[in-house]
Amino acid sequence: MVDESRSNASPRRVTLSPGETVADAARKAIASGVESLLRHQSSAESGEPEPLHQLRVATRRLRATIELFSSVIYAAQLKIFRRDLPWMGSLAGGARECDVTAALIVARASKLAPGLKDALAPMLTALEEGRKSEQTRLHELFASKRYGNLLAKLAHPAIKKVGADRRLGIVAAQLVRPASRGAARLGGKLAADAPDPVFHKLRVRIKRLRYELEMIAPLGAKRHRKTMRRLEELQELLGSYHDIAVASAWLLSYAETSAAPPKTMLAAGALIQSLGSRENKLRRQCMRAWRRFERSDAMHDTLEEIRRAGRLALKPVSSPVADAGEEDPANQSAVMQPDPEDPPRSNHNSMNSHSATESIP
């Protein structure tokens, strides 16, 4: 893992070895996620924007870790993780969304008529008040018994014995496949008239998929790296769309409920129109980018690459011996043979399968 000395640095990224058991890999990845969470907590409590963002990212990465290893976590504990980690992420994200919306309003102000720019102050004041309210809720979260119980359970994840003793290299592609299928299902719903939540949910699934692929990076090669870059580009594009959609929704709500001066209401209407044009353009870009990714078969190729690399990493390695015809018994006993339960290679595109259930809410 990469060392970091600053609280606002990017979260540490754990990488897992193909020779580890699934149980050991799960415990290692969850422990790393909790460490990242706690490292950003104190700075996030102070209300600084970047630590708030990093806390939210750490929460998302931890959710991806839980989903990657969901098949070996006992159901009762898995239910708690799936309930409480999104709850925490939503509270951490409330203040962050106020910051992003305020920044978008200031940035789009240059497109307004000169007389309307000065009318933005009441909106920014309202966003700052909303941010303070969200920050108070975050403080209450950190002090809550529910949060303490969540950390305690994450510190001692309940890992099943059955299946968790397999080597990660053998089953890595199998573990990642549900995230790939979930993204494919949502991507298939993208359309000009699709509601905003579809785009947001696709972004969440793409993040999960990218984080999972990062964890098993040692099993990846050229295709893996290329897919990671394309997923990151998709995530950024969908993220820009989401930020504008959130800002537009906030402005509509503000215009409907506030008692702001008429000039401020005119400014709000002008901003809604300006953001709306940008939102429609980004929507079309998101749909085109997803279609290109889907047609490329990138995920199918990446999963095949991971599957082959995992098996190759665990194959016995011959060592020189005095007798040319003699095999080294130490190598034979130390190497894990392929798991007979591992399914054969599929001829179907993993991004187009619709059989798996999606687990991130």
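To be clear, the structure that these remarks concern was listed above.
None of these values were measured; they are calculated from a predicted model.

**Some words on the overall build of the protein chain**
Counting secondary structure elements, the protein chain contains 12 helices and zero strands. When its helices and strands are written in sequence order, the protein chain yields α-α-α-α-α-α-α-α-α-α-α-α. Across the 361 residues of the protein chain, 50% fall into the buried class. Taking the intrachain contacts of the protein chain between residues at least 6 apart in sequence as the baseline, contacts between residues at least 24 apart amount to 81%. Per element, the accessible surface of the protein chain, about 17,500 Å² overall, is 53% carbon and sulfur.

**Focus on the packing of helix α2 (residues 49-68) against helix α8 (residues 196-215)**
α8 packs onto α2 with a crossing angle of 70° between their chain directions and a minimal axis gap of 9 Å. Taken together, α2 and α8 sit at an angle that is classed as roughly perpendicular. Every residue of α8 that contacts α2 at Val 57, Arg 60, Arg 61, Ala 64, Thr 65, Glu 67 and Leu 68 is listed here: Arg 203, Lys 207, Arg 208, Tyr 211, Glu 212, Glu 214 and Met 215. Classifying every residue of the contact of α2 with α8 gives five nonpolar, one polar and eight charged.

**Description of the nonpolar core**
By size, the foremost hydrophobic cluster in this structure holds 93 residues, and its most contacted members are Phe 69, Met 123 and Leu 213. Here this core gets 11 residues from one element, more than from any other, and that element is helix α3 (residues 75-108).

**Some remarks on the packing of aromatic side chains**
Under the counting rule described, the total for this entry stands at four aromatic pairs. Centroid distance Trp 250 to Tyr 254: 5.1 Å. Interplanar angle 15°. Geometry classified as stacked. In this pair, Trp 250 and Tyr 254 both sit in helix α9 (residues 222-257), four residues apart, roughly one turn of the helix. Residue Trp 250 is classed as partly exposed on the basis of its relative accessible area of 23%. Accessibility expressed as a relative area gives 9% for Tyr 254, which makes it buried. Ring geometry for Trp 290 and Phe 293: centres 5.6 Å apart, planes at 45°, overall tilted. In this pair, Trp 290 and Phe 293 are both assigned in helix α10 (residues 262-295), three residues apart and thus about one turn of the helix distant.

**Some remarks on α3**
The end-to-end C-alpha distance of α3 is 47 Å, a good match for the 50 Å that 34 residues give at a rise of 1.5 Å each. Taking the largest bend as the criterion, α3 deviates by roughly 30°, centred on Gly 94.

**A closer look at the side chain of Gln 135**
Positionally, Gln 135 belongs in helix α5 (residues 121-143). For Gln 135, a relative accessible area of 10% translates into the label buried.

**A look at the packing of helix α7 (residues 168-187) against helix α11 (residues 298-313)**
Each pair of packed helices can be summarised by the angle the axes make with each other and by the distance between the axes. Between α7 and α11, the least distance of the axes is 6 Å, while the angle of their chain directions is 160°. In terms of axis orientation, α7 runs roughly antiparallel to α11. Relative to α11, the crossing made by α7 is right-handed. Seen from α7, the contacting residues are Gly 169, Ile 170, Ala 172, Ala 173, Val 176, Arg 177 and Ser 180; seen from α11, they are Met 299, Leu 303, Ile 306, Arg 307, Gly 310 and Arg 311.

**Quick word on unusual backbone geometry**
Backbone geometry at Asp 297 places phi at a positive 60°, although glycine is not the residue there. Residue placement: Asp 297 occurs in the loop between α10 and α11.

**So, a positive patch on the surface**
A grouping of Lys 222, Arg 223, Arg 225, Lys 226, Arg 229 and Arg 308 is seen on the molecular surface, where their side chains present a positively charged patch. The residue Lys 222 is located in helix α9 in this model.

**Remarks on helix α6 (residues 145-155)**
Of the residues making up α6, those classed as buried are Tyr 147, Leu 150, Leu 151 and Leu 154. Here the buried residues of α6 occupy an arc of 95° about the axis, which is enough to place them on one side. Buried-residue contacts for α6 involve α1 (22-45), α2, α3 and α5.

**Some points on the pattern of salt bridges**
Enumeration according to the criterion identifies 14 salt bridges in this entry. Taking the shortest distance from any N to any O, the salt bridge between Glu 97 and Arg 56 comes out at 3.6 Å. One end of the pair, Glu 97, is in helix α3; the other, Arg 56, is in helix α2, and 41 residues separate them in sequence. The salt bridge partner of Glu 67 is Arg 82, with a shortest N-O separation of 2.9 Å. Remark: Arg 82 occurs in helix α3 and Glu 67 occurs in helix α2; sequence separation between them is 15 residues. The class for Arg 82 is partly exposed, based on a relative accessible area of 30%. Linked through salt bridges whose partners overlap, the residues forming this network are Arg 61, Arg 210 and Glu 214.

**Details of the environment of Ser 71**
On the secondary structure map, Ser 71 appears in the loop between α2 and α3. For Ser 71, a relative accessible area of 40% corresponds to the partly exposed category. Sequence separation of Ser 71 and Lys 160 is 89 residues, and the distance between their C-alpha atoms is 8.6 Å. Ser 71 has contacts with Lys 160 and Leu 175, leaving out every residue within four places of it along the chain.

Parameters and conventions
Sequence order as written defines residue numbering, which begins from 1 separately in each chain. The predicted origin of the model limits local features to residues at a pLDDT of at least 70 and limits the giving and counting of side-chain atom pairs to 80 or more, whereas totals for whole chains, interfaces and linings rest on all residues. Based on all heavy atoms of the structure, the side-chain values leave hydrogens and waters out of the count. For helices the rule is a DSSP run of H or I covering at least 4 residues; for strands it is a run of E covering at least 2, with both sets numbered from the N terminus onward. Only protein chains enter the accessibility calculation, which uses a 1.4 Å probe. A residue is then buried if its area is under 20% of the maximum for its type, exposed if over 50%, and partly exposed in between. Residue contacts are defined here by distance: any two heavy atoms, one from each residue, within 4.5 Å place the two residues in contact. Areas reported as accessible are Shrake-Rupley estimates using a 1.4 Å probe. Residue values count occlusion only from the protein chains shown. Lines fitted to the C-alpha atoms define the axes, with helices restricted to the stretch that makes contact. Angles between their N-to-C directions range from 0 to 180 degrees. The scheme is simple: roughly parallel for angles under 35 degrees, roughly antiparallel for over 145, roughly perpendicular for 65 to 115, oblique for anything else. Residues are sorted three ways: Asp, Glu, Lys and Arg are charged, Ala, Val, Leu, Ile, Met, Phe, Trp, Tyr, Cys and Pro are nonpolar, and all the rest, Gly among them, are polar. As used here, the term nonpolar core means buried Ala, Val, Leu, Ile, Met, Phe, Trp, Tyr and Cys residues forming a set that is joined through side-chain atoms within 4.5 Å. Two rings from Phe, Tyr or Trp (for Trp, the six-membered ring) form a pair when their centres are within 6.5 Å of each other. A pair whose planes differ by under 30 degrees is stacked, one over 60 is edge-to-face, and the rest are tilted. The span you would expect from a helix comes to 1.5 Å times its residue count less one. Two axes define the bend at a residue: one fitted to the seven residues ending there, one fitted to the seven starting there, and the bend is the angle between them. Note on convention: near helix rotated counterclockwise from far helix by under a right angle means a left-handed crossing. Clockwise means right-handed. Only residues above 30% relative accessible area that lack a salt bridge enter a patch, with like-charged residues linked at up to 9 Å and the nonpolar side chains Val, Leu, Ile, Met, Phe, Trp and Tyr linked at up to 5 Å. Think of a salt bridge as a Lys or Arg side-chain nitrogen and an Asp or Glu carboxyl oxygen that are within 4 Å of each other. The charge count treats Lys and Arg as positive and Asp and Glu as negative. His and the chain ends do not count. Charge coordinates come from a single atom per side chain, which is NZ of Lys, CZ of Arg, CG of Asp or CD of Glu. The arc refers to the directions leading from the helix axis to the C-beta atoms.

These figures come from the coordinates and say nothing about function on their own.
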